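Close look at the chain arrangement
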Amino acid sequence: MEEGVFQTLGQYLAFPFVQNALVAGTLIALCASLLGVPLVLRRFSYIGDGLSHVAFSVMAVAAIFGLSNNMFLVLPATIICAVLLLHGGEKRKIKGDAAIAMLAVGSLAVGYLLLSKFSPSANFSGDVCGTLFGSTSILTLSKTDVILCVALSVVVLLAFVFFYNRIFALTFDETFAQASGVRTGFFNLLLAVLIAVVIVLAMNLVGALLISAFVIFPVLSAMAICKSFLSVTITSACLSVFCAVTGMLISILAGTPVGSTIVAMNIAVFLVFRLIGFFCAEKKL
Amino acid sequence: MFCLRCKDLIVGYGVHPVSSALSFEVEQGDYLCIVGENGAGKSTLVQTLLGLLPAISGTIEFGEGFEPSHIGYLPQQTALQKDFPAIVTEVVLSGFQNRIGWRPFYSRREKLVARKNMVRLGIESLAKKCYRQLSGGQQQRTLLCRALCAGDRMLLLDEPTASLDPQATESLYELIRRLNREGMTIVMVTHDLFGARAEAKHFLRLGKTPCFGTADQLLRGGE
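First things first, this report covers the structure right here in the doc. Keep in mind that this is a model prediction, so the values were computed, not measured.

Some remarks on the overall build of chain B
Within chain B one finds 7 helices and 11 strands. The C-alpha atoms of chain B give a radius of gyration of 17 Å, which matches the 17 Å a tight globule of 223 residues would have. When burial is assessed residue by residue, chain B has 40% of its 223 residues classed as buried. In chain B, 73% of the contacts between residues at least 6 apart in sequence involve partners at least 24 apart.

If you want it as structure tokens, here you go:
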């Protein structure tokens, strides 16, 4: 039985499209969890959700106009929304959570409305479902998509390592960072652009509705047991990669949807870490 | 020798002034308390002194050899720091943000100075402790230590005792007093007028008729 499983897995792994999916999925999970640390700690957990809804809406528009490669429309539009959401910090009229909720629901409704009226394909509900929950599209990634994933992950990783101490200062205390001469505006902008890019990439993998899980779960799991910012960052990156890889393998073997399987893995890991954290805290008391 | 001198300074947001014209001077080794009602412009003044807000009119002048980067700032605590996963060392080291320029990491010397400052404030035993598990007083000491790393000549404290119980307040005042005796210039914004009277050498009271002077002068002026 066990041998059978490994044999099947081996057969699947020999396919280039499966390899592509694994590489892209791992890298996206890694980037999302890294960016998730400052986002969750600054109470922007929902931003992934909001932006992915925006991306959904733009994809709908792209589909109506029959654009085959919608990346060039979706990416800039999502980046603009991310900048609008994260920019201005605490001095805006509509506060962070309300702004994100407004944008998310609004763009979801408009996107669905447009698609239902002008959908070019016959399988309208199938299209919508695929975009929202992730379809098999991770298995149909082209070579260009994978290269794009690798390049952007390298950029995110380098930016994160190079600016690590600034990201910490900014996340822990924005006022102090500003008084210390950190260009907070620039870093908020950088964070917004990076998260938008990761989300657009992640949409192919898990679909619009499930992206938040990538940003939030690994960070919360890590926070359950880690004490320092550095260990939270490293642990959440490792957990995210682990969940993405095992989730994808399970989904291949069991024939389940990729996105929801990875998210289910994340939930399981989160529960385990919460339990560990709980018992460690008990012991100390 | 003065290290900070403000002349007819009016602070505010955009074109809306919050304060009347303020004139005061801070000398090296001084201990200045800034008091005033809510909305009198205390926080706005702090932000203006730090260069985060432009002054509406008037001048801020720094003494010879004194630069804004010599000021260590202790802001009020924010809500999201309460459950922030960071150890004390990480928080203290972030005080060197204004020194690192384009370097991505802190230097060995900076880590050494951070260590020394932790010893100076008696928090070296907390170095590996998680910030969110500390008491209010310990958290405030940690942030004070970060301010010491940021500026070695003047500390600008924004309501440092706001969320502390009387005992922790007293020991924080004592610590600040000691730093002052060691030559550190202290500028403190506070609500705690009673506590401040025992501490400070000079006062600046904001409001409709701002006044600046020693505690005695301020009391006589207020009557």
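Details of the overall build of chain A
Helix and strand counts for chain A stand at 13 helices and 0 strands. Order of helices (α) and strands (β) in chain A, N terminus to C terminus: α-α-α-α-α-α-α-α-α-α-α-α-α. Residues classed as buried in chain A amount to 47% of the 285 residues present. Here the contacts in chain A between residues at least 6 apart in sequence split such that 76% fall between residues at least 24 apart.

Section: the interface of chain A and chain B
Listed by partner, the interface residues are 25 residues for chain A and 22 residues for chain B. If you list the elements that add at least two residues to the side of chain A that touches chain B, you get α8 (164–172), α9 (174–179) and α12 (229–254) of chain A. Considering each element in turn, the side of chain A that touches chain B owes the most residues, 6 residues, to α8(A). Residue composition of the side of chain A that touches chain B, grouped by class: 14 nonpolar, 6 polar and 5 charged.

Section: the environment of A:L141
Residue and element names in this part refer to chain A. Residue placement: L141 occurs in the loop between α6 (124–133) and α7 (143–162). Looking at L141, the number of C-beta atoms within 10 Å reads 19, which means it is partly exposed. Between the C-alpha atoms of L141 and F270, which are 129 residues apart in sequence, the distance is 29 Å. Not counting residues up to four positions away in its chain, the partners in contact with L141 are N20, A21, A24, V146 and N204.

Topic: the environment of A:A109
Residue and element names in this part refer to chain A. Mapped onto the elements of the fold, A109 is located in helix α5 (residues 96–118). Among the residues examined, A109 registers 12 C-beta atoms within 10 Å and is labelled exposed. With 152 residues separating them in the primary sequence, A109 and T261 have C-alpha atoms 26 Å apart.

A word on the sheet that holds strand β5 (residues 31–35) of chain B
Residues and elements named next belong to chain B. Sheet architecture is open: 6 strands sit in the order β7-β8-β9-β5-β10-β11, paired in mixed fashion. The sheet is open, and its two edges are formed by β7 (71–74) and β11 (211–213), each paired on a single side. Sheet twist, expressed as the mean angle between neighbouring strand axes with direction ignored, is 15°. Bridge count for β5 against strand β10 (residues 202–205) is 4 bridges, and the pairing is parallel. The residue of β10 that forms the bridge with I34 is L204.

Some thoughts on helix α3 (residues 47–64) of chain A
Helical geometry: 3.6 residues make up each α-helical turn, so side chains three or four residues apart lie on a common side. Residues and elements named next belong to chain A. Taking 1.5 Å per residue, 18 residues should reach 26 Å; α3 reaches 26 Å between its end C-alpha atoms and fits that length. For α3, a buried count of 15 out of 18 residues is recorded, marking the element as mostly surrounded by other parts of the structure. Positive phi shows up at G66, right after α3, with a value of about 70°.

Some words on the pairing of strand β9 (residues 185–189) of chain B
All names here are of chain B. Across the 5 residues of β9, 5 count as buried, placing the element largely inside the fold. Residues T185, V187 and V189 point to one face of β9 and I186 and M188 to the other, with burial holding for every one of them. As paired elements, β5 and β9 share 4 bridges and run parallel to each other. From the neighbouring strand, L32 faces β9, where its bridge partner is V187. In this structure, strand β8 (residues 154–158) lies alongside β9, joined through 5 bridges in parallel fashion. Counted as the bridge partner of D158 is V189 from β9. This β-α-β element, β8 to helix α5 (residues 166–181) to β9, shows right-handed connectivity.

Quick word on the packing of helix α2 (residues 16–41) of chain A against helix α10 (residues 184–206) of chain A
Residues and elements named next belong to chain A. Two elements in contact, α2 and α10, have axes separated by 10 Å at closest approach and are oriented at 145°. Judged by the twist between their axes, the crossing of α2 over α10 is left-handed. Residues A24, G25, I28, C31, A32, L35, P38 and L39 of α2 form the contact with α10, whose participating residues are L191, L194, I195, V198, L201, A202 and L205. Tallied by class, the residues present in the contact of α2 with α10 amount to 14 nonpolar, 1 polar and no charged.

The rules we used
- Within any chain, residue numbers begin from 1 and follow the written order of that chain's sequence.
- Following the order in which they are written, the chains are lettered starting with A and the ligands numbered starting with 1.
- Per-residue local features of the predicted model are confined to residues with pLDDT of at least 70, and side-chain atom pairs are confined, for both listing and counting, to 80 or more; whole-chain, interface and lining totals are unaffected and use all residues.
- We count a stretch as a helix when DSSP gives it H or I for four or more residues in a row; a strand needs E for two or more, and each element gets its number in order from the N terminus.
- In this description the radius of gyration comes from C-alpha coordinates, and the expected globular size is given by 2.2 Å times residues to the power 0.38.
- With C-beta atoms placed from the backbone, the exposure class of a residue follows from how many other C-beta atoms lie within 10 Å of its own: 20 or more, buried; 12 or fewer, exposed; in between, partly exposed.
- Residue pairs are scored as contacts if the distance between their C-beta atoms, which are placed from the backbone, is within 7 Å.
- Residue classes follow a fixed rule: Ala, Val, Leu, Ile, Met, Phe, Trp, Tyr, Cys and Pro count as nonpolar, while Asp, Glu, Lys and Arg count as charged, and any other residue, Gly among them, counts as polar.
- Strand pairing follows a simple DSSP-based rule, namely that at least 2 bridges must link the two strands.
- Axis angles are defined between N-to-C directions and span 0 to 180 degrees, where every axis is a line fitted to C-alpha atoms and, for a helix, only to the segment in contact.
- For a helix, the expected span equals 1.5 Å multiplied by the residue count minus one.
- The handedness of a crossover follows from its direction of travel: if, with the strands pointing away from the viewer, the path from the first strand over the helix to the second runs clockwise, the crossover is right-handed.
- With the far helix as reference, a near helix turned anticlockwise by less than a right angle produces a left-handed crossing, and one turned clockwise produces a right-handed crossing.

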